[in-house]
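Descriptive analysis of the structure
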Amino acid sequence: MMEHLQFSWLETILMVLIFIGSVYLFAKTIRDRWQLLMLGKPVNRLDQPTARLKQVLKFALAQYRMPEERIHGILHLFIFYGFIVVSIRTLMLFGQTFFRDPDFSLFLFSYDSVIGRLYALLKDVFTVLVIVGVVGAAYRRLVIRERRLEGKQLEPVAILAMIFMLMVTDLTIEAVAGYFGHSAGWWAPFSLIWKHILDLFGLADSAFLYHLSVWLHLTGILAFLNYLPFGKHFHIITSIPSVYVSNLDPSGMAHRIPNIEEQEQFGASKISHLNRKEILDLYSCTECGRCRVDCPTDITKKPLAHKQLNLDLKAHLYDVGRPMVAVAAAKRAAGTASGADGAENGEEEDNGKTVMTGGAISTDTIWACTTCGYCEQRCPVLIENVPRIIEMRRHLVLEKAEMPAELANTLRNLERQSNPWGVGARKRGDWAKGLDVPTFGEAPDTEYLFYVGCAGSFDDRYMKVTRTLVKLFLQAGVSFGILGADEQCCGDAARRAGNEYLAQTQIEANIEMFKELGVKKIVTNCPHGFHTFKYEYPEFGGQFEVVHAAQLLAQLVDQGKLKPAKSLPRTVTLHDSCYLARHHGVIDEPRAVLTHLPGTVVREPERHGKWTFCCGGGGGRMWLEEKIGDRINLHRFDELSKTSPDVICTCCPFCMTMMADAAKDTGKSEQIRVFDLAELLDQALAEEAQA
Ligand code: SF4
Ligand code: SF4
C-alpha cells in the first residue's frame, strides 16, 4: 500500500531541482534587500538582550497587540500560530519526497510516538483554524471593506487564497495517507472527517490526488517563500528581528544630535540618512492600517498616515537604493571607495535624484504630524514613525531653512525671547504680580520648582490657570518656588519643530540653571514640558523628579490637603492630552480629582485614556496653520460634545486653546465651557469657602 505514496525518482529529481532553484532565487532576493538595508546608518540596537527578548516574546510571539481588535486579532493569531505548526509537517513532506520515504518524519514527530500524535492533533486543529482565519480575513477585505485596509486588494487576497490552498492540501495529504494506512487516526480528527468526505466522491484512495496535493503544497510553499520579499508579507520574515531591534526608549522621546557643533549634515534628507532599523521597518510593515484608525492627520484628510509613509519610503528605497548600491559596488571594484559604507559612496553620484525629504516625501506630509504617538502604540510590529519625521524636519529647518512662514516666526521668537509669541522675556514673571508667589530657593529646602511654561506665563487664558494653581499649592502647603523672569522655554517647541540646535541650547541652559539652584523636583502643568524634562533632559545630564500638576493635585486631594466639598452639578468630559495619557500613562490622576468633586458627573468620550485623540496642537502644530483637510480640534470637539457635557476639562495649555477655539468657532462656547482641572478643583473649594 505504501508504495502508492512513494515519490518516483523522476518526481524526486524534479522536486530537488525546484527546491534548489527556489532557495537560490530567494537567497538572491534577500541579498538585494540586505544591501538596501545596509544603506542606512548603523544604529546600536543589540544592547539589553533580556529586554529585547521580552519584546520578541510579548509582541512577536505572543502577538500582544493583535487581540486589541478582538475578532480580527484572534483570526490573525489562528493564521500566525497555524502557519508555524503546519510548517513542521511541510518540512517532513520535503524529507518524504527527497528520500522517497512516505514514513520520513523529523525527530520525535513520527505518528508512532506520543509526541507525534499530539503534534498530529495540534496540526489538525490549527489547519482548520487557519482556514477559519483566512476566510474571516477575506470576508473583512472583500465584504466589510474597512477603511484601514483600503488600497491594493489583489496581493493580500491572492496570498489568502494561497494559504487556503496550503491548508486544504495538507488535510488532503493527511486524509489520503490515512486511507493507505499511514495516518494518526483519530488523533487527526478533521483529516479523518475530510477522508470520509473524499470517500463520498471516490477520491479517498486516489494516489494521484495525494501526489498532486504534495506537489501543490510544496511548490506553493516555495513560490510563497519567493514572493514574500516583494510584498507586505515580507513581515513574516522580518518582523521578529525588527521587534528585537525595536526602540526601547520611553514613548515619544526624541534624541539629541551628539556634538551638534561639529556636525556638517543635519537630519534626514535621503533614504541613507535613515537608520538601519528604520529601513528594516519598511520591510516589516504589515500594511494592516491599524496606525490609521485614530491618526488625527489621516482622519482629517491630511497627507500623512504612518502606513502610507512606509509604502512611499519603501518605493523610494527600491527606486533609488539599487543605483546607490551599484555605484558603491563599482567604486569598490575600481578601488576608489573610501570605505565599506555603500551608502556613503553611492550617494556621491546621485545628482539630486535621491531627495527624500521634500521630494519623495512631501513637506506637507512632514509638517502634518502632531507627534501624538498613536500610530506607534497601535502598530503590532513596533514600527517607528515620529523619530524619522523629526529627522526630516531637522533637515528642513537646520540645513535648508525651509519651513512654513508662521513656524519661522515662532522659532525666531523662541530664539530671541524664549517664548513662541515673542513677548519680551523680562515679562515672563508678570503673571505673578500682586500674588505672594515664592521664588525658587527663597526659602531653604524648597521642594518643587514650579515650572510655569510659556503658555502659563504669556497666554492670557492660561495665566489664569497658573494663578489658580499657585493658589491651590499655597492652600495645600506645597513647598514650591518659581523662576519668574529667569524661566526659559523648556525646548519642546523648537525640538518638535526640527530646530534641534535651539532646543539643545535651551535645554542645556535650563539644566545649568536648575543645577545651580539645587532643583531636585519639578512640577509643571504643561505636558510638553513635563515630557521633555522627564524623558529628554536626562540625555543632557539633567536628572530631576518630574510630576505633572494633575498628579500633584490628585495626591493633595487624596491626602486631604485640598477638600472639595461644595456640590456643583455639572457634566464634565475629560480630554486626555496625548503627551500625558499616551506617552506617560497619566490617566487615573485627573479622573481621581474629578470624582472627588461633589455634583460632578464624568462622562468618557469614545476615545479616551491611552487611546485619546489629539487636539491638533502637539508636535509643533500649535504654531502652524492648518490649511489642509478638516481641522483636528473641531473633530475632537465634536467627539467630546457627543457626551453632552457642560464642561470640557483639559490638563494642557495647547489642549485648552484648541478646545476653546473649537467651542468658539462652533458657537458653543456658552454651552460648553473649557476649564483646566485645577480650575474645576478650585471652583469646588471656592464655593465651599463662600458657603
Ligand atoms: S504621531 Fe499621531 S499624528 Fe503623527 S502620524 Fe502618528 S498618529 Fe498620526
Ligand atoms: S505601520 Fe504598523 S500599524 Fe501601520 S500598517 Fe504598518 S504594521 Fe500596520
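Please refer to the structure higher up on the page.
Everything numeric in this text was worked out from a predicted model, so none of it was measured.

What counts and what doesn't
Each chain carries its own residue numbering, running from 1 in the written order of its sequence. Written order determines the labels here, with chains lettered from A and ligands numbered from 1. This being a predicted model, a pLDDT of at least 70 is required before a residue's local features are given, and a value of 80 or more before pairs of side-chain atoms are given or counted; all residues contribute to the totals for chains, interfaces and linings. Side-chain numbers come from the whole structure's heavy atoms, not from hydrogens or water. Runs of H or I in DSSP of at least four residues are treated as helices and runs of E of at least two as strands, each being numbered from the N terminus. To estimate the expected span of a helix, count its residues, drop one, and scale the result by 1.5 Å. Only protein chains enter the accessibility calculation, which uses a 1.4 Å probe; a residue is then buried when its area is under 20% of its type maximum, exposed when over 50%, and partly exposed in between. Here, strands pair whenever DSSP counts at least two bridges between them. Any two residues having at least one pair of non-hydrogen atoms within 4.5 Å are treated as being in contact. Here an axis means a line fitted to C-alpha atoms, over the contact stretch when the element is a helix, while the angle between two N-to-C directions is reported on a 0 to 180 degree scale. One heavy atom within 4 Å of a molecule or strand makes the whole residue count as near it. The definitions used throughout rest on a 1 Å grid laid over the protein atoms alone, on which a cavity is an enclosed set of points accommodating a 1.4 Å probe that cannot get out and a pocket is an open set flanked by protein within 12 Å on both sides along at least five of seven lines; lining residues are those having an atom within 4 Å of a point. If over half the atoms of a molecule are within 2 Å of the grid points of a cavity or pocket, the molecule is regarded as sitting in it. All amino acids are sorted into three groups, where Ala, Val, Leu, Ile, Met, Phe, Trp, Tyr, Cys and Pro are nonpolar, Asp, Glu, Lys and Arg are charged, and the leftover types, Gly among them, are polar. For a crossover, the right-handed case is the one in which the path from the first strand over the helix to the second runs clockwise, viewed with the strands pointing away from the viewer. Ring pairs are drawn from Phe, Tyr and Trp, using the six-membered ring of Trp, whenever the two centres fall within 6.5 Å, and their geometry is named by plane angle: stacked under 30 degrees, edge-to-face over 60, tilted for the rest. Consider the ring centre and the ring normal. A charge sits over the ring if Lys NZ or Arg CZ is within 6 Å of that centre and within 35 degrees of that normal. Grid points are joined across faces, edges and corners, and a volume is the space filled by probe spheres set on the points.

So, helix α18 (residues 460-476)
- Compared with an ideal rise of 1.5 Å per residue, which puts 17 residues at 24 Å, α18 spans 25 Å between its outermost C-alpha atoms and is within 8% of the ideal.
- The set of residues buried in α18 consists of Y462, M463, V465, T466, T468, L469, V470, L472, F473 and A476.

What to know about the sheet that holds strand β3 (residues 521-524)
- Sheet architecture is open: 4 strands sit in the order β2-β1-β3-β4, paired in parallel fashion. Each having just a single partner strand, β2 (480-481) and β4 (545-548) make up the two edges of the open sheet.
- Looking at chain direction, β3 and β4 are connected through 4 bridges and run parallel. Paired with T524 across the bridge in β4 is H548.
- The sheet strands contacting helix α21 (residues 527-536) are β1 (448-451), β3 and β4, and the helix crosses β4 at an angle near 160°.
- Its contacts with the sheet put helix α22 (residues 549-558) on β1, β3 and β4, and the angle it makes with β4 is roughly 80°.

Here's the deal with the site of ligand 1
- Taken together, the neighbourhood of ligand 1 is formed by 13 residues, with C295, C369, C372, C375 and N385 sitting nearest.
- More than half of the atoms of ligand 1 fall within 2 Å of the grid points belonging to the second largest cavity.
- Elements that contribute at least two residues to the shell around ligand 1 include exactly α10 (296-299) and α14 (374-378).
- Of the residues contributing to the shell around ligand 1, the split by class is 8 nonpolar, 5 polar and no charged.

Thoughts on the sheet that holds strand β7 (residues 647-650)
- Taken in spatial order, the 4 strands make up an open sheet running β6-β5-β7-β8, and their pairing is parallel. Whereas interior strands pair on both sides, the edge strands pair on one side only; in this sheet they are β6 (600-603) and β8 (673-676). Between one strand and the next, the sheet's axes are offset by a mean angle of 35°, whatever the strand orientation.
- The pairing of strand β5 (residues 570-574) with β6 spans 4 bridges and is parallel. In the sheet register, V572 faces β6, and the bridge partner there is V602.

Overview of the site of ligand 2
- For ligand 2, the set of nearby residues contains 13 residues, the closest of which are C285, C288, G289, C291 and C379.
- Looking at the shell around ligand 2 residue by residue, the class counts come to 6 nonpolar, 4 polar and 3 charged.

Focus: the side chain of T468
- With respect to the secondary-structure elements, T468 resides in helix α18.
- Setting aside its immediate chain neighbours within four residues, T468 contacts A678, E679 and D682.

As for unusual backbone geometry
- The phi torsion at N259 lies on the positive side, around 45°, for a residue other than glycine.
- Counting through the fold element by element, N259 comes out in the loop between α8 (235-244) and α9 (276-284).
- Positive phi outside glycine occurs at K301, with the angle close to 65°.
- Mapping K301 onto the fold places it in the loop between α10 and α11 (306-334).

Some remarks on the pairing of β7
- In β7, alternate side chains face the same way, and those of V647 and C649 on one face and I648 and T650 on the other are all buried.
- Of the pairings in the sheet, the one linking β5 to β7 comprises 3 bridges and is parallel in character. Pairing of V572 across the sheet is with V647, part of β7.
- Each parallel crossover has a hand, and the one from β7 via helix α26 (residues 653-665) to β8 is right-handed.

So, the packing of aromatic side chains
- Scanning the model with the defined rule gives 20 aromatic pairs in all.
- Taking the centre distance of 6.3 Å and the plane angle of 70° together, the rings of F450 and F480 count as edge-to-face. On the criterion of sequence distance, the pair formed by F450 in strand β1 and F480 in strand β2 is long-range, its members being 30 residues apart.
- With 4.8 Å between their ring centres and 85° between their planes, Y451 and F533 make a pair best called edge-to-face. Of this pair, Y451 sits in strand β1 while F533 sits in helix α21, and the two are 82 residues apart along the sequence.
- Residue class for Y451 comes out buried when judged on its relative accessible area of 1%.
- A network of ring pairs unites the aromatic residues Y451, F514, F533, Y537 and F544 as a single cluster.
- When the ring centre of F230 is taken as origin, the NZ or CZ atom of R33, which lies over that ring, is 5.1 Å away.

Regarding the pairing of β3
- Inspection of the sheet shows β1 paired to β3 by 4 bridges, in the parallel sense. When the bridges of β3 are listed, Y451 appears paired with T524.
- As for the winding sense of the linkage, the β-α-β connection from β3 through α21 to β4 is right-handed.

Here's the deal with empty space enclosed by the protein
- For the structure shown, the criterion picks out 9 cavities of 30 Å³ or more.
- Of the voids in this model, the largest cavity is the one considered here, and its volume is about 150 Å³.
- Surrounding the largest cavity, 18 residues form its lining, C454, A455, C490, C526 and F654 being those nearest its centre.
- Among the secondary structure elements, those contributing two or more residues to the lining of the largest cavity are α17 (453-458), α19 (492-496), α21 and α26.
- Among the elements that line the lining of the largest cavity, the one with the most residues is α17, at 4 residues.
- Residue composition of the lining of the largest cavity, by class: 13 nonpolar, 4 polar and 1 charged.
- As a volume, the second largest cavity reaches approximately 80 Å³.
- In this structure, the second largest cavity is lined by 14 residues; those nearest its centre are C295, C369, C372, C375 and N385.
- At the level of secondary structure, the elements contributing two or more residues to the lining of the second largest cavity comprise α10 and α14.

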